[in-house]
Amino acid sequence: FPFFMPPGVAFTNGHFTAENIITKVTHSGDLAGIFHDQTAWRAIPSETPIYQVEMLSSAQGEGELYVGTTHLNPGRVGDEFYMTRGHFHQRREQGEVYFGLRGSGLLLLQNEQGEARLEEVSPGSVHIIPGLTAHRLINTGTEVLSALAVWPSIAGHDYAALAQGFALRVVLHDGKIQAKEVQNG
Ligand code: PAN
Ligand code: ZN
């Protein structure tokens, strides 16, 4: 029998080696209304890349899994660190696992009651995102933050449910990384 060569991932940076890799870049201009300092956001060229997701092409449907790496650039919009848009899964009960690979940052988790918490992301960290939990990566470091993720292909993304934003914002204040509670809006 032949030995097939599976896809590979470099644990140092999260890049895949495979025949079919799907890549999606999210630019500053795609993130309207996400950062709290809208004046600072408008001052950044809209084509500035904020994060990139690379995914293996894999089977879709009930029981199937997706594998992808998010590469989140370092930087800030005003005092707020670069972050992903963040989402609930469309199928709310579906969980996900993130693995920190490089860089340093935070994973913001929030349940449907609006209770938020933060986990530190670093090389080798494992994050079990339970069902019914919205999630967002935040890069608080000076290098690219890369995290590998595995999630059910049926999970889908619901971005609209968080249109009001998360309950915490992570900012640089007095030279320190601080999480601030948001007074809704
Ligand atoms: C990740 C995210 C990725 C980008 O693959 O989709 O980090 O974040 P946004 O989708 O919030 O822009 C994931 O959690 N998939 O389910
Ligand atoms: Zn997800």
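Structure first, text after, so check above.
Remarks on the site of ligand 1
Neighbouring ligand 1 are 14 residues; Y51, T70, G86, Y98 and Y159 lie closest to it. Contact between ligand 1 and T70: an oxygen atom at 2.7 Å from a side-chain N or O atom of the residue. The contact in question runs from an oxygen atom of ligand 1 to an N or O atom on the side chain of Y98, over 2.6 Å. Contact with the protein chains covers 95% of the free accessible surface of ligand 1, which is 390 Å². Taken together, the residues that form the shell around ligand 1 break down as 5 nonpolar, 7 polar and 2 charged.

Focus on the coordination of the zinc ion (ligand 2)
Between any two of four tetrahedral donors, the ideal angle at the metal is 109.5 degrees; between two of six octahedral donors, it is 90 or 180 degrees. Within the protein, the atoms that donate to the zinc ion (ligand 2) are H87 (NE2), H89 (NE2), E96 (OE) and H135 (NE2), at distances of 2.1 to 2.3 Å. Between the 6 donor atoms coordinating the zinc ion (ligand 2), the angles at the centre fall across 75 to 175°, so the site counts as octahedral. Read from N- to C-terminus, the donor residues coordinating the zinc ion (ligand 2) fall into the pattern H-x1-H-x6-E-x38-H. According to the relative accessible area criterion, H87 is buried, its value standing at 9%.

Some words on the packing of aromatic side chains
In this structure the tally under the stated criterion is 1 aromatic pair. A centroid spacing of 5.7 Å and a plane angle of 65° characterise the contact between Y66 and W151, whose relative ring orientation is edge-to-face. With Y66 in strand β5 (residues 65–72) and W151 in strand β13 (residues 145–152), this pair connects stretches of sequence that are 85 residues apart. W151 carries the same exposure label as Y66, and that label is buried. Directly above the ring of Y159 sits R85, whose terminal nitrogen or CZ lies 5.7 Å from the centroid.

Remarks on the nonpolar core
With 35 residues, the main nonpolar core has L31, F35, L72, V77, L107, L137 and I138 as its most contacted residues. Of all the elements in the fold, those that place two or more residues in this core are α1 (38–43), β4 (49–56), β5, β9 (105–111), β12 (133–139), β13 and β14 (168–173). Apart from residues lying up to four places away in sequence, L31 is in contact with T26, W41, I50, Y51, M83 and R85.

Comments concerning the pattern of salt bridges
Two side chains with opposite charge may pair up if their charged atoms get near one another. Under the criterion given, the structure shown has 5 salt bridges. Salt-bridge contacts for E93 lead to R91; the nearest nitrogen and oxygen are separated by 2.8 Å. Judged by its relative accessible area of 41%, E93 is partly exposed. Relative accessible area serves as the criterion here: at 32%, R91 is assigned to the partly exposed category.

So, the sheet that holds β12
Hydrogen bonds between backbone atoms are what pair the strands of a sheet, whose relative direction is either parallel or antiparallel. Pairing is antiparallel across the open sheet formed by 3 strands, whose spatial order is β10-β9-β12. The sheet terminates laterally at β10 (116–121) and β12, the two strands that pair on one side only. Averaged over all pairs of adjacent strands, the angle between their axes in this sheet comes to 25°, without regard to strand direction. The pairing of β9 with β10 spans 6 bridges and is classified as antiparallel. What sits directly across from L106, in β10, is E120.

Let's talk about the pairing of strand β11 (residues 126–129)
With burial as the criterion, only one face of β11 is covered, namely that bearing H127 and I129; the residues V126 and I128 on the opposite face remain uncovered. Pairing geometry for strand β8 (residues 96–102) and β11, over 4 bridges, is antiparallel. Along β11, the bridge assignment pairs E96 with I129.

Topic: the side chain of T69
Turning to its location among the elements, T69 is positioned in strand β5. Looking at T69, the relative accessible area reads 0%, which means it is buried. Separated by 2.8 Å, the side chain of T69 and the backbone oxygen of G14 make a polar contact. Discounting residues that sit within four places of it in the chain, T69 has contacts with G14, F16, Q52, V53, E54, S146, A147 and L148.

Thresholds applied
- Residues numbered from 1 in each chain as written.
- Chains lettered and ligands numbered in written order.
- Predicted model: local features only at pLDDT ≥ 70, side-chain atom pairs only at ≥ 80, totals over all residues.
- Heavy atoms only, no water.
- Near = heavy atom within 4 Å.
- Polar contact = N/O pair within 3.5 Å; in protein donor to acceptor, adjacent residues only side chain to side chain.
- Areas by Shrake-Rupley, 256 points an atom, 1.4 Å probe, with all protein chains shown as cover.
- Nonpolar A, V, L, I, M, F, W, Y, C, P; charged D, E, K, R; others polar.
- Donors = N, O, S within 2.8 Å, 3.2 Å for Na, K, Ca; no water.
- Tetrahedral: all angles 85-135°; square planar, octahedral: opposite > 155°, others 65-115°.
- Buried < 20%, exposed > 50% of the residue type's maximum accessible area, 1.4 Å probe, protein only.
- Phe/Tyr/Trp six-rings, centres within 6.5 Å; stacked < 30°, edge-to-face > 60°.
- Helix = DSSP H or I, 4+ residues; strand = E, 2+ residues; numbered from the N terminus.
- Lys NZ or Arg CZ within 6 Å of the ring centre and 35° of its normal.
- Core = buried A, V, L, I, M, F, W, Y, C linked by side-chain atoms within 4.5 Å.
- Contact = heavy atoms within 4.5 Å.
- Salt bridge = Lys/Arg side-chain N within 4 Å of Asp/Glu carboxyl O.
- Pairing = 2+ DSSP bridges.
- Axes fitted to C-alpha atoms, helices over the stretch in contact; angles between N-to-C directions.

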